[in-house]
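Chain residues, written in single-letter form:
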Amino acid sequence: MNEIEILSSAILAADGSSEALNNNCKPGYEQGLKHYRNHYLWSLIDTLANNFPTVLKALSENNFNFFARRFVLQNNSASENIDDFGDGFATFIAQQQELMNLPSISPLAQIDALLMNRFDNSYVKQIDLPGGSLALWKAINEHTDINNSELDDQQLETIALKVEDDEFYLVLV
Amino acid sequence: MSSNVKTGLSLRIEYLDDFLNNDHPIQHFEIIADNWLSPGPHHNKLEQLSGELHFHCVGMNLAGIDPLNKNYINKIKALSDKFKPTLISDHLCFQKHNNNCHHDLLPFAYNQKNLDRVIHRVDSVQQQLGQAIAIENLSYYLTFNTSSMTEADFLNQLCHATNSFILLDLNNIHINELNLKISIRQFLDEIEFKYVKEIHLAGANVGNDLIVDDHGADINEQVLELLQQCLPKMTNSCTVFYERDTDLPTFEHLLLQHKKMTEVIYE
């Protein structure tokens, strides 16, 4: 393996392994690798926080970072534009065992994903979610009372992304 | 001091309105081109800004092994056709491997095999862009046993082979000496200033273990001294930019940093 492959693999290694670097780098490389790994992880975690702000608010920072870190370690970034990172996060968050007792998180993530992809013409522009999802999403973002916000799986609502005067907004259709 | 040394500031979107709405002496700007690839109101504002523009890229992956991303280079070319920058630059590093983007500037070994590959890649990029580029020396946090030459020697040979230029980042060589004991003196003695077309100054984040090149501080005094040492060696027209990307100060403070830099150059 050449040194580019070795360094790239060491940065991405979920278990933090760096044995190959030991044979290829001058002494003292450990601090450098730690820097590169942390920069990689936290750049992408911060990007997820920017792209899924409602999920961040709903889970609070520590919990969000826990799941975001798990997502980053399982999903590489394929686009040079870091702001693109997060495809599949809404599906991922819905599958997390620890969040099974928080069924509202998945709809919130899907609405955040709708906004994240607002400039992507190939992305869907409306989604069907449990009734009350948009109201809950707005309540979290506007810091209003969410105590009476319950989602209704039996009564779905269609949420659409609209554009007017270069501004994006979400509506029920 | 060469009268061909100009000064400027890296331009972040956060300061765009400040530059448009206030009197200021800045005549040279550099943008991170990757942040401007999608059109929008910020493009209209940039068109209103008077002054010379440089593009600084972070996605060419010049030292990488993955095929060059021609789609990305085309986007840079399209932006260049629109704004006609004086110079386009990127870094002597790899940024992506096996289609995994690291969103970082990563080091590699300086040896003949890698030099041959990077020469080929720089030639391809310049051909696609239709102009020569400048290549920046790196701040890095580890080094490889398989390096058989210095970074300065690698850059000199690369520029000689490809007719490209050097973007000399003085903050980076300062950081490399502090973190890895890589001699500033040796670097500046070795680098061929006939290739230097642009210089970067910045400040770094002094952490517990490492000094990190985060462009989040005022210009380091030692880096200003390095600039003074370089000025007599400059043979080309050159622009010196102050980079500030994090912990953004007020607009007025930014202008003060530019003034500080200019006073050193013109004293």
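Structure: above.
About the cut-offs
- Residues numbered from 1 in each chain as written.
- Chains lettered and ligands numbered in written order.
- Predicted model: local features only at pLDDT ≥ 70, side-chain atom pairs only at ≥ 80, totals over all residues.
- Heavy atoms only, no water.
- Helix = DSSP H or I, 4+ residues; strand = E, 2+ residues; numbered from the N terminus.
- Expected span 1.5 Å × (residues − 1).
- Buried < 20%, exposed > 50% of the residue type's maximum accessible area, 1.4 Å probe, protein only.
- Contact = heavy atoms within 4.5 Å.
- Pairing = 2+ DSSP bridges.
- Axes fitted to C-alpha atoms, helices over the stretch in contact; angles between N-to-C directions.
- Right-handed = clockwise from strand over helix to strand, strands pointing away.
- Salt bridge = Lys/Arg side-chain N within 4 Å of Asp/Glu carboxyl O.
- Phe/Tyr/Trp six-rings, centres within 6.5 Å; stacked < 30°, edge-to-face > 60°.
- Lys NZ or Arg CZ within 6 Å of the ring centre and 35° of its normal.
- Buried area = accessible area lost by both parts, 1.4 Å probe.
- Polar contact = N/O pair within 3.5 Å; in protein donor to acceptor, adjacent residues only side chain to side chain.
- Core = buried A, V, L, I, M, F, W, Y, C linked by side-chain atoms within 4.5 Å.

(A) Layout of helix H5 (residues 61-74) of chain A. Residue and element names in this part refer to chain A. Spanning 14 residues, H5 covers 20 Å between terminal C-alpha atoms, matching the ideal 20 Å at 1.5 Å per step. Every buried residue of H5 is accounted for by Phe-64, Asn-65, Phe-67, Ala-68, Phe-71 and Val-72. On its buried face, H5 sits against helix H3 (29-51), helix H4 (53-59) and helix H6 (89-94).

(B) Structural detail: the sheet that holds strand S2 (residues 152-164) of chain A. All names here are of chain A. Pairing is antiparallel in the open sheet, where 3 strands are placed in the order S1-S2-S3. Every interior strand has two partners, whereas the edge strands, strand S1 (126-131) and strand S3 (167-172), have only one. Strand after strand, the sheet turns through a mean of 30° between neighbouring axes, direction not considered. Bridging between S2 and S3 involves 6 bridges; their strand directions are antiparallel. Following the sheet pairing, Val-163 is matched in S3 by Phe-168. In this fold helix H8 (residues 133-141) packs onto S1, S2 and S3, with an angle of close to 135° to the strand it touches most, S3.

(C) Broad picture of the pairing of strand S2 (residues 28-32) of chain B. Residues and elements named next belong to chain B. Of all 5 residues that make up S2, 4 are buried, and the element is covered over most of its length. Two strands pair when backbone bridges link them, and strand S1 (residues 5-10) and S2 are joined in this way by 2 bridges, in the parallel orientation. Bridging from a neighbouring strand, Ser-10 pairs with Glu-30 of S2. In this fold, the crossover linking S1 to S2 by way of helix H1 (residues 16-21) has right-handed handedness. Pairing analysis gives 5 bridges linking S2 to strand S3 (residues 52-56), with the strands arranged parallel. Bridged to Ile-32 within S3 is His-56. In this fold, S2 hands off to helix H2 (residues 41-48), which returns the chain to S3; that crossover is right-handed.

(D) Structural detail: the pattern of salt bridges. In this structure the tally under the stated criterion is 13 salt bridges over all chains. Linking Lys96(B) and Glu80(A) is a salt bridge whose minimum nitrogen-to-oxygen distance equals 2.9 Å. Of this pair, Lys96(B) sits in strand S5 (residues 94-97) while Glu80(A) sits in the loop between H5 and H6, which puts the two residues in different chains. What makes Lys96(B) buried here is its relative accessible area of 10%. Using a relative accessible area of 24% as the deciding quantity, one classes Glu80(A) as partly exposed. Linking Arg185(B) and Asp189(B) is a salt bridge whose minimum nitrogen-to-oxygen distance equals 3.9 Å. Of this pair, Arg185(B) and Asp189(B) both sit in helix H7 (residues 184-190), 4 residues apart, roughly one helical turn. Its relative accessible area of 47% is what places Arg185(B) among the partly exposed residues. Taking the relative accessible area as the measure of exposure, Asp189(B) reaches 52% and is therefore exposed.

(E) Broad picture of the environment of Gly16(A). Locating Gly16(A) in the fold gives a position in the loop between helix H1 (3-12) and helix H2 (19-24). Each C-alpha atom, one on Gly16(A) and one on Leu33(A), is 9.5 Å from the other, the two residues being 17 residues apart in sequence.

(F) Broad picture of the packing of aromatic side chains. Going through the model one piece at a time under the given rule, you end up with 15 aromatic pairs over all chains. Above the plane of the ring of Phe168(A) lies Arg118(A), whose end atom (NZ or CZ) is 5.7 Å from the centre.

(G) A look at the interface of chain A and chain B. Between chain A and chain B, the contact holds 30 residues from the first and 33 residues from the second. Around 2700 Å² of area is buried between chain A and chain B when both sides are counted, 57% of it from carbon and sulfur atoms. On the chain A side of the contact with chain B, Ile4(A), Tyr36(A) and Glu80(A) bury the most area, a combined 26% of that side's loss. For the interface between chain A and chain B, the tally reads 1 salt bridge. At the junction of chain A with chain B, the criterion picks out 15 residue pairs in polar contact (both at pLDDT 80 or more). Sorting the residues of the side of chain A that touches chain B by element identifies H1, H2 and H3 of chain A as the ones contributing at least two each. Looking at which element gives the most residues to the side of chain A that touches chain B, the answer is H3(A), with 10 residues.

(H) Layout of the environment of Leu248(B). Residue and element names in this part refer to chain B. With respect to the helices and strands, Leu-248 occurs in the loop between strand S12 (238-242) and helix H9 (251-266). Overall, the relative accessible area of 32% leaves Leu-248 in the partly exposed class. It is 9.4 Å that separates the C-alpha atoms of Leu-248 and His-215, two residues lying 33 residues apart in sequence.

(I) Geometry of the nonpolar core. Ranked by size, the top nonpolar core spans 135 residues in total, and within it Phe19(B), Leu170(B) and Leu227(B) carry the most contacts. The element that contributes the greatest number of residues to this core is H3(A), accounting for 9 residues. Those residues in contact with Leu227(B) that lie beyond four places of it in its chain are Leu170(B), Ile199(B), Leu201(B), Val240(B), Met261(B), Val264(B) and Ile265(B).

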